[in-house]
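Read off the chains here:
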Amino acid sequence: MLTSRSMPEQTMVPVLAYADVEEAVEALCDAFGFVVRWRAGGHRAQLATGPGAAVAVAQGQRPVDPGGDHVMVRVEDVDGHCDRARAHGATVVSEPADMPYGERQYTVRDFSGRTWVFSQTIADVAPEDWGGVSGPALATTPGN
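Residues numbered from 1 in each chain as written. Predicted model: local features only at pLDDT ≥ 70, side-chain atom pairs only at ≥ 80, totals over all residues. Heavy atoms only, no water.

Participant: Lay out the sheet that holds strand β8 (residues 115-121) in plain terms, naming residues and giving numbers.
Facilitator: Across the sheet, 9 strands lie side by side as β6-β7-β8-β5-β1-β4-β3-β2-β9; this open sheet has mixed pairing. For this open sheet the edge positions go to β6 (91-98) and β9 (133-134), each flanked by a neighbour on one side alone. Of the strand pairs in this sheet, strand β1 (residues 12-18) and strand β4 (residues 52-58) are connected by 4 bridges, and their pairing is parallel. Residue pairing for β4: Leu16 is matched across the bridge by Ala56. Relative to strand β3 (residues 44-49), helix α1 (residues 21-32) is tilted by about 10°, and along the sheet it contacts β1, β2 (35-40), β3 and β4. (Pairing = 2+ DSSP bridges. Helix = DSSP H or I, 4+ residues; strand = E, 2+ residues; numbered from the N terminus. Contact = heavy atoms within 4.5 Å. Axes fitted to C-alpha atoms, helices over the stretch in contact; angles between N-to-C directions.)

Structure below.
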């Protein structure tokens, strides 16, 4: 699997919605010792904890997932994965598409209505190249 500065190396990444992302980042970093990897405006931030990471997003930010919470999973072949999910009854909400931050992603709802985003790294893109701002945790990531 390729690596990218904009995506943590872990395979499964929780994406958690908050009414105020800036407040959430401050509280999570203060209370739990998380460190900012990158920020994108006031609507999204990726936080590191050891080798893991989570993403804080603004509630209702994505029209395909008004609640905001979802699980992101990194895969090696997003198109093949999408075909498999569709063949097994998952509802594809958005087809695989290339994103400016170096990922190819699709969104799907499972049998229970839970939203999942599957992501394949296609390029190593610095957050500054797509409008983000690198944080202290990203500076300590190998290869940066």
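Participant: Describe the side chain of Ser119, listing the residues and the values that go with them.
Facilitator: Counting through the fold element by element, Ser119 comes out in strand β8. Of note is the side chain of Ser119, whose polar atom sits 2.6 Å from the side chain of Glu103. Here Ser119 is in contact with Met7, Met72, Val73, Arg74, Val75, Val78, Glu103, Arg104 and Gln105, once residues within four sequence places are set aside. (Polar contact = N/O pair within 3.5 Å; in protein donor to acceptor, adjacent residues only side chain to side chain.)

Participant: Quick rundown of the pattern of salt bridges? Include the residues and the values.
Facilitator: Using the criterion set out here, one finds 5 salt bridges in the structure. Here Glu22 ties to Arg39 by a salt bridge, and the two come within 2.7 Å at their closest N and O atoms. Of this pair, Glu22 sits in helix α1 while Arg39 sits in strand β2, placing them 17 residues apart in sequence. A relative accessible area of 28% means that Arg39 is categorised as partly exposed. (Salt bridge = Lys/Arg side-chain N within 4 Å of Asp/Glu carboxyl O. Buried < 20%, exposed > 50% of the residue type's maximum accessible area, 1.4 Å probe, protein only.)

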